[in-house]
There are 2 protein chains.
Amino acid sequence: MHRMKKFALIVAGGHGVRMDAEMPKQFLEVAGKPILMHTIGCFYNYDPETELIVVLPGLQIKTWGNLCSRYSLNIAHKVCPGGEKRFFSVKNGLSEINDDGIVFIHDGVRPLVSAETLDRCYNTTIQKGNAIPVVPVTESLRKMEAGKNYAVDRSHYFLVQTPQTFIVNEIKKAYGQEYSPYFTDDASVLEATGATINIVDGNRENFKITYPHDLNFAASLLGKV
Amino acid sequence: MHRMKKFALIVAGGHGVRMDAEMPKQFLEVAGKPILMHTIGCFYNYDPETELIVVLPGLQIKTWGNLCSRYSLNIAHKVCPGGEKRFFSVKNGLSEINDDGIVFIHDGVRPLVSAETLDRCYNTTIQKGNAIPVVPVTESLRKMEAGKNYAVDRSHYFLVQTPQTFIVNEIKKAYGQEYSPYFTDDASVLEATGATINIVDGNRENFKITYPHDLNFAASLLGKV
């Protein structure tokens, strides 16, 4: 297995409308620093040579710079403005990558991805061309179809986390497609080119901070790391 | 709309093998008392006249009695031994109910069900015969079929919580069926008799305590209640 250069594209484009907070959620302080700094740290700690690109809403780039000074963040990273939808934010971020290699595309508000998950994503991408981390569905699952709902076998379903991981040149090419509302994540963009997506085990704590009470949960987990 | 007598069948049959704890998880203390006492309190606070039946593994009934003394629990409830699988635990619990009415069948380790969720379940059961609380899927979802996986539209799916809520005589009759491994929850048991299941909004915090880190999450939420 050969090694390839690593890039992490951390997408922090959200305005956090579900958080009831004025500060975008990726900037909220949890366990001593903004969530986004914890997330950046996951990749830096995994491999300090990973090239980091952070995609932020244009209007928040200055605030982020101030936070980096205030918290003395000393992990080098590029900052790039996002687009109106996640698709365009990722596309902008990818345009900042000029080498081939492997790119982790990760949600800025998932500060609890483990080194083991990153390693599984990296190794499977080297071997098979892409990888997405998933966890099993632990609740009963129902499907709504034509106004009726029925139980489905949850063991056939997986919840998808990030980083969704790709060969740089392949995912760049996939993002050359026209935007479609069916692109719910990066894997679905690559899938639309005919690729088969490979799943690997994620880690259960790698959840997406979405609701206000998620902050307590994240704090209790990050406090232990 | 007429009123009907309320029963809550709280199923706490689990041994907590995923919790790395010697004490079964429903007995672990969170925010000042065992999880199961918080759960019982949800129903008592919603309507103190609700008749409560708690299903416990036979070997834990004595421990539970000691906990009730130690914590001075003064909410009257019947205790009934569980079976080898959830299906048989629920069936045993239902056999303790001798009147008709409405029964909430609830997981003992969901101590955060809201009064609003209970009310939606009750009202919809009065009107339509049954109700289950659901929440939307917030992560991307993939399905595995014939060795391939593909993205599915998560907006067609729901995660199912409890209490699953029924007319006593109807769910008793449904539990007269022979056990099937396809019975993943109470709704699927009723559904097998030909009934249509009604969904109502659950509340996001009403999650099932399953993994060790869920305890921190639950503590932070229960601490605020």
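Because the structure is predicted, anything quoted here is derived from the model rather than measured.

## Observations regarding the overall build of chain A
- The helix and strand tally for chain A stands at seven helices and 12 strands.
- In summary, chain A has a C-alpha radius of gyration of 17 Å against a globular reference of 17 Å for 225 residues, a match within 12%.
- Across its three principal axes, chain A shows a C-alpha extent of roughly 50 × 40 × 35 Å.
- Burial statistics for chain A: of 225 residues in total, 54% are counted as buried.
- Counting only contacts in chain A whose residues sit at least 6 apart along the sequence, the fraction spanning at least 24 positions is 73%.
- Only carbon and sulfur atoms are counted for the fraction: they give 49% of the accessible area of chain A, which is about 10,100 Å².

## Looking at the pairing of strand S9 (residues 148-152) of chain A
Residues and elements named next belong to chain A.
- In terms of strand pairing, strand S8 (residues 140-145) meets S9 through five bridges, oriented antiparallel. Bridging from a neighbouring strand, methionine 144 pairs with asparagine 149 of S9.
- Linking S8 to S9, which pair antiparallel, is a turn of two residues; within it alanine 146 sits at a positive phi near 50°.

## Considerations on the relation of the copies chain B and chain A
- The transformation that overlays chain B on chain A combines an axial shift of 0.0 Å with a rotation of 180°, and the residual RMSD is 0.0 Å. Taken together, the rotation and translation relating the two chain copies correspond to the operation of a two-fold axis. Of every C-alpha in chain B, the one belonging to phenylalanine 217 of chain B sits nearest the axis of rotation, 2.4 Å from it.
- Mapped onto chain A, 100% of the interface residues of chain B again fall at the interface, so both copies present the same surface.

## What to know about the side chain of asparagine 203 of chain A
Residues and elements named next belong to chain A.
- Structurally, asparagine 203 is set in the loop between strand S12 (199-201) and helix H7 (212-222).
- Looking at asparagine 203, the relative accessible area reads 7%, which means it is buried.
- Within the structure, asparagine 203 has its side chain in polar contact with the side chain of threonine 117 (distance 2.7 Å).
- Aside from chain neighbours lying at most four places away, what touches asparagine 203 is Leu112, Val113, Ser114, Thr117, Val135 and Gln161.

## Quick word on the pairing of strand S8 (residues 140-145) of chain B
- With four bridges connecting them, strand S10 (residues 157-160) of chain A and S8 of chain B associate as antiparallel partners. Within S8 of chain B, the position partnered with valine 160 of chain A by the bridge is serine 140 of chain B.

## Remarks on the interface of chain B and chain A
- Opposite the 37 residues of chain B that make contact, chain A presents 38 residues.
- In terms of surface lost to chain A, no three residues of chain B exceed Glu139, Arg142 and His213 of chain B, which account for 20% of the buried area on that side.
- On the surface where chain B and chain A come into contact, there are four salt bridges.
- With its nearest N and O atoms 3.0 Å apart, the salt bridge here joins arginine 142 of chain B to glutamate 191 of chain A.
- One can count 15 residue pairs in polar contact (both at pLDDT 80 or more) joining chain B with chain A.
- Within the residue set of the side of chain B that touches chain A, elements represented by two or more residues are S8, strand S9 (148-152), strand S10 (157-160), helix H6 (186-191) and helix H7 (214-222) of chain B.

## Focus on the state of the cysteines
Residues and elements named next belong to chain A.
- Considering all chains together, one arrives at zero disulfides over all chains under this definition.
- Unpaired in terms of disulfides, cysteine 80 finds its nearest cysteine sulfur in cysteine 68, a separation of 15 Å.
- On the basis of relative accessible area, cysteine 80 is assigned to the buried category, the value being 2%.

## So, the packing of helix H1 (residues 35-46) of chain B against helix H4 (residues 115-128) of chain B
All names here are of chain B.
- Where H1 contacts H4, the two axes come as close as 10 Å, and the packing angle between them is 65°. With respect to each other, H1 and H4 are oriented roughly perpendicular. For H1 against H4, the interelement crossing comes out right-handed. For the pair H1 and H4, contact is made by Cys42, Phe43 and Tyr46 and by Ala115, Leu118, Asp119 and Tyr122, respectively.
- Broken down by class, the residue content of the contact of H1 with H4 amounts to six nonpolar, no polar and one charged.

What counts, and at which threshold
- Residues numbered from 1 in each chain as written.
- Chains lettered and ligands numbered in written order.
- Predicted model: local features only at pLDDT ≥ 70, side-chain atom pairs only at ≥ 80, totals over all residues.
- Heavy atoms only, no water.
- Helix = DSSP H or I, 4+ residues; strand = E, 2+ residues; numbered from the N terminus.
- Rg over C-alpha atoms; globule rule 2.2 N^0.38 Å.
- Buried < 20%, exposed > 50% of the residue type's maximum accessible area, 1.4 Å probe, protein only.
- Contact = heavy atoms within 4.5 Å.
- Areas by Shrake-Rupley, 256 points an atom, 1.4 Å probe, with all protein chains shown as cover.
- Pairing = 2+ DSSP bridges.
- Least-squares fit on C-alpha atoms with pLDDT ≥ 70 in both.
- Polar contact = N/O pair within 3.5 Å; in protein donor to acceptor, adjacent residues only side chain to side chain.
- Buried area = accessible area lost by both parts, 1.4 Å probe.
- Salt bridge = Lys/Arg side-chain N within 4 Å of Asp/Glu carboxyl O.
- Disulfide = S-S within 2.5 Å.
- Axes fitted to C-alpha atoms, helices over the stretch in contact; angles between N-to-C directions.
- Parallel < 35°, antiparallel > 145°, perpendicular 65-115°, else oblique.
- Left-handed = near helix turned anticlockwise from the far one by under 90°.
- Nonpolar A, V, L, I, M, F, W, Y, C, P; charged D, E, K, R; others polar.

Any functional reading would require information beyond the geometric quantities listed.
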